[in-house]
Structures are given as structure tokens and as C-alpha cells.
Amino acid sequence: MNDSSWGAPQTGYWGPPDQGPAQGHVRGPVQGAAPAGPAYDARDAQQTRPMPIVPDVSAHGGHQDDDRGAARLSGPLFRDESTSATSHGAPRNPEPMHDAPQPAPAPQKKSAGRDLGAAIGVGVGLGAVIVASLFVYKAVFVGVIAVAVVVGLWELTKRLDERKGIRAPLVPLAIGGAAMVVAGYVRGAEGAWVAMALTALAVLVWRMTEPPEGYLKDVTAGVFAAFYVPFLATFVAMMLTAEDGPWRVLTFLLLTVVSDTGAYAVGWRFGKHKLAPRISPGKTREGLLGAVTFAMAVGALCMQFLVDGGTWWQGLLLGLAVAASATLGDLGESMIKRDLGIKDMGTLLPGHGGIMDRLDSLLPTAPVVWLLLVVFVGSG
């Protein structure tokens, strides 16, 4: 309806003043009705202004949100009413509206994202257990690796089942994973490869006891889990076989932890440029630079003073390699967790998540450190 319908009363639509809007009745067309004239004073003219006739939506046979000329509560009807009321009634002089001053938003403090107190306490406790088992008796430390592998496999297979319906057989993985670590310690790389092959075969056979639906994805996930967790952990056991094995393992652990800590500290304080936002939004290029700097510095010290026959420049290269492999390992597990739609692999370690959330950077770093130490100072 256009604005012309909001003018003075029209001929033939309104009765005499004594039967008009004062009684609340709207009458139809009347033959010979006199047009509104001087009988209406100014006050009555304002009170008898015709209301707009709202067309029936159902008459158009459409939905109430149809565009075909039907009036809507949110359409021009109510916008025009205010305009017309101003033009036919007393002029309005609204006071100018001023934007009220908005308080400045309080600066947000950077958050670590975890309970640092719990994380530090758990980290110190784990470090004490690892160092004690490492330097007291080598076989005890091999047992610690095996336990960590079994728990990590349990977390991984449980999450795969919960989030993707993938049922990788845990029993052959746990037995084969522990055997793989022991074989690597006793027989070296050859023993580790043989144990890996037998574990994969056991996964294939074990899964045959269940219905064939999903067989391919289950055994594929099982073989992946066997390689990702126990096989990579076997290189830590192989480091331990050298005469200075405990110091090599300690160097490996220190470099990985320092790399993660340097990346976290520098990235939290100075990080602005995202490293891989689609995989891990929290990681920054500044954090990677911190990881490289810290790892190279500690690597130089460790190779100079802890590893027999090592020199500081070898430590620089070792630290650079550890920073790269630890970062890639962290991104790799972040990719897995994003695919599964989870934040942590488990809840076993307060402030850390699960065992797999601590092994993510250690596992791919182990073969890198083992290989570079063999190249630099021999298998010893």
C-alpha cells in the first residue's frame, strides 16, 4: 500500500460523524454520501484518519513470507506508519541520538590452555621415574618403555573405536609391541624388524576371528598403530645398548623436552605468525624458531659433555634435527586428533592429557637421534 492511502477520509467509506469511527464501525460504500467537509473540525479530522486495509495473505494463496504484494508485519506497513503519522499528526522533533561511549574492552591475558601446576608436577614425577630407571638398571628402563607403549596403544585403539568405529585388535598389538621393544634391545634393528613383521601378521590373523565387515580398515589401522607406537619406540631401546647408552637416551629426552619447551615459551610470549593453522592453530613460526634455538644450544652441551666422542658442532646439527622431527611429530598427532575430533588422546596424565600426548614428539624423534648418533660417534 502506498503513502496516498494515509490522507484525509475518502468519499463513500465513512458515514456521518455521529456513526463514524467514534462508534468503532467501518461502513461500506453508501450511495450519495456527502464528502467530508467543514463538519469535521481539526481535532476530529485527526481522530478519524482511515486505517490501512491490510490485504488477506490467504487470498494470494501463498506463504506469509511470499513476496507477491502481501503485507507483512516486518514489511513496509509499519515503516510507513511512523512516517505517515508524522506527516498527518503533530510534527515531531526527536532529540538527536548520540552514541553512548562504550567502555574499552579489557585486554585478554594469554592463557597456557592447561593446568600448569599439574603439568609441571606430573612432568617432574615422570622425569624422576625415567632417570632413576635409566641409570639404576637398563632392563628396568626397557620395561618402562614397554609399559608406555602398551598404554599408548590402548589409548590410540580406544579413540579409533570411539570416534571412527575402527576396531584395531589391541591384544596382538600390545603383546607384539612389548615384544618389539625387547627384541630391539636384545637383537638390535634386525630383531625390531622381525618383531614388527610378526606383529602385523598377528593383527591380520586375529581380526579374522570376527565378521568380515570392516576387516580392511581394522587391520590397516592395526598395522599403522604397530608402526607408529612400538616400532618407533624401539629405537630408544636400541640407543640404550651402547656403553654410554643411558647418556644417549638422556640426551634424546633432554633435546626433545627442551625443543617442546622452547617452542611453547617463545610462541606463547612472542608468537604472531601461525605455522600450520589448519592443523594446529596454537603453533607459530616464532615458536619453531624458539624450539630450534633451545634445542641447538642444549644439543651442543650434551654432545660435548655427555656423549662419548661427541663434539659441540655435532650437537648443533643434532639439536636442529630434533627440533624439526619433534615439531613434525607434534603436527602429525595433531592431524590424527583433528581427524578424530578430539583434544587429547587420553586423561591419564593431569595437565598433559594421555600418554600418547607426551609421546607425540618423542616417537618420530627417536629414530632420528639414533641414526645421527650412530653416524657421529658409532653404535658403541
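Check the entry above for the structure.
The notes below deal with the structure included here. (Residues numbered from 1 in each chain as written. Predicted model: local features only at pLDDT ≥ 70, side-chain atom pairs only at ≥ 80, totals over all residues. Heavy atoms only, no water.)

As for the overall build of the protein chain
Within the protein chain, the secondary structure is distributed over eleven helices and two strands. When its helices and strands are written in sequence order, the protein chain yields α-α-α-α-α-α-α-β-β-α-α-α-α. Across the 380 residues in the protein chain, those meeting the buried criterion constitute 37%. A sequence separation of at least 24 residues applies to 67% of the contacts in the protein chain between residues at least 6 apart. In the form shown here, the protein chain has an accessible surface area of approximately 22,100 Å², with 65% of it arising from carbon and sulfur atoms. (Helix = DSSP H or I, 4+ residues; strand = E, 2+ residues; numbered from the N terminus. Buried < 20%, exposed > 50% of the residue type's maximum accessible area, 1.4 Å probe, protein only. Contact = heavy atoms within 4.5 Å. Areas by Shrake-Rupley, 256 points an atom, 1.4 Å probe, with all protein chains shown as cover.)

Focus: the environment of Glu162
Structurally, the position occupied by Glu162 is in helix 4 (residues 138–164). On the basis of relative accessible area, Glu162 is assigned to the partly exposed category, the value being 47%. When the C-alpha positions of Glu162 and Leu340 are compared, they lie 8.9 Å apart, and in sequence the two are 178 residues distant.

Structural notes on the packing of helix 7 (residues 245–270) against helix 11 (residues 362–377)
One can describe the packing of helix 7 onto helix 11 by two numbers: an axis separation of 10 Å at closest approach and a directional angle of 130°. Viewed along their axes, helix 7 and helix 11 adopt a mutual orientation that is oblique. In this structure, helix 7 crosses over helix 11, and the sense of that crossing is right-handed. Between helix 7, through Arg248, Phe252, Leu253 and Thr256, and helix 11, the contact on the second element is made entirely by Leu362, Thr365, Ala366, Val369, Leu373 and Val377. Partitioned by chemical class, the residues of the contact of helix 7 with helix 11 number seven nonpolar, two polar and one charged. (Axes fitted to C-alpha atoms, helices over the stretch in contact; angles between N-to-C directions. Parallel < 35°, antiparallel > 145°, perpendicular 65-115°, else oblique. Left-handed = near helix turned anticlockwise from the far one by under 90°. Nonpolar A, V, L, I, M, F, W, Y, C, P; charged D, E, K, R; others polar.)

Notes on helix 5 (residues 170–207)
Between the first and last C-alpha of helix 5 there are merely 10 Å, a value that for 38 residues lags more than 12% behind the 56 Å anticipated at 1.5 Å per step. Along helix 5, the sharpest kink reaches roughly 150°, centred on Arg187. (Expected span 1.5 Å × (residues − 1). Bend = angle between axes of the 7 residues up to and from the residue.)

Considering the nonpolar core
Counting residues in each nonpolar core, the largest one holds 56 residues, and the members touching the most others are Ile145, Val249 and Phe252. At the level of elements, helix 3 (116–136), helix 4, helix 5, helix 6 (215–240), helix 7, helix 9 (312–340), helix 10 (355–359) and helix 11 are the ones that each hand at least two residues to this core. No other element matches helix 6, which puts 15 residues into this core. Apart from the residues lying within four places of it in its own chain, the contact partners of Val249 are Leu134, Phe141, Val236, Met239 and Leu240. (Core = buried A, V, L, I, M, F, W, Y, C linked by side-chain atoms within 4.5 Å.)

A look at the pattern of salt bridges
As enumerated under the stated definition, the model contains seven salt bridges in all. A salt bridge links Asp339 to Lys164; the nearest nitrogen and oxygen atoms lie 3.3 Å apart. Residue Asp339 is found in helix 9, and its partner Lys164 is found in helix 4; the two are separated by 175 residues along the sequence. As a salt-bridge pair, Lys283 and Asp330 come within 3.3 Å of each other at their nearest N and O atoms. With Lys283 in strand 2 (residues 280–284) and Asp330 in helix 9, this residue pair connects regions lying 47 residues apart in the sequence. Via salt bridges that share partners, Glu333, Lys337 and Asp357 belong to a single interconnected network. (Salt bridge = Lys/Arg side-chain N within 4 Å of Asp/Glu carboxyl O.)

Structural notes on the packing of aromatic side chains
According to the stated counting rule, one finds seven aromatic pairs in the structure shown. Their ring planes at 90° and their centres at 5.6 Å tell us that Phe231 and Phe235 sit as a pair that is edge-to-face. A residue pair is termed a helical-turn pair when its members lie 3 or 4 positions apart in one helix, as Phe231 and Phe235 do in helix 6 at four residues. Following the ring pairs from residue to residue traces out a cluster consisting of Trp193, Phe227, Phe231, Phe235 and Trp370. The ring of Phe270 has Arg269 lying over it, and the distance from NZ or CZ to the ring centre is 5.1 Å. (Phe/Tyr/Trp six-rings, centres within 6.5 Å; stacked < 30°, edge-to-face > 60°. Lys NZ or Arg CZ within 6 Å of the ring centre and 35° of its normal.)

Considerations on helix 8 (residues 285–305)
Its 21 residues place the ends of helix 8 30 Å apart at the C-alpha level, agreeing with the 30 Å of an ideal helix rising 1.5 Å per residue. Those residues of helix 8 not exposed but buried are Glu286, Gly287, Gly290, Ala291, Val292, Ala295, Gly299, Ala300, Cys302 and Met303. Each element contacted by the buried residues of helix 8 is listed here: helix 7, strand 2, helix 9 and helix 11.

What about the side chain of Glu286?
Residue placement: Glu286 occurs in helix 8. The charged side chain of Glu286 is buried without a salt bridge, its nearest counter-charge being Arg285 at 6.8 Å. For Glu286, the residues in contact, after removing those within four places along its chain, are Val266, Phe270, Gly271, Lys272 and His273. (Lys, Arg positive; Asp, Glu negative; His and termini not counted.)

As for a nonpolar patch on the surface
Together, Val194, Leu198, Leu201, Leu204 and Val205 line one region of the surface with nonpolar side chains, adding up to about 430 Å² of accessible area. Along the polypeptide, Leu198 turns up in helix 5. Its relative accessible area of 54% is what places Leu198 among the exposed residues. (Patch = residues over 30% accessible without salt bridge, like charges linked within 9 Å, V, L, I, M, F, W, Y side chains within 5 Å.)

Here we look at the pairing of strand 2
Both strand 1 (residues 274–276) and strand 2 contribute to a ladder of two bridges, which runs antiparallel. Residue pairing across strands places Ala276 opposite Ser280, the latter belonging to strand 2. (Pairing = 2+ DSSP bridges.)

Notes on the packing of helix 8 against helix 9
Remark: helix 8 packs on helix 9, axes separated minimally by 6 Å, with the N-to-C direction vectors making an angle of 140°. Classified by the angle their axes make, helix 8 and helix 9 are oblique. Here helix 8 and helix 9 pass one another in a crossing that is right-handed. Residues Leu288, Ala291, Val292, Ala295, Met296, Gly299, Ala300, Met303 and Gln304 of helix 8 form the contact with helix 9, whose participating residues are Trp312, Gln314, Gly315, Leu316, Leu318, Gly319, Leu320, Ala323 and Thr327. In terms of residue class, the contact of helix 8 with helix 9 is built from twelve nonpolar, six polar and no charged.

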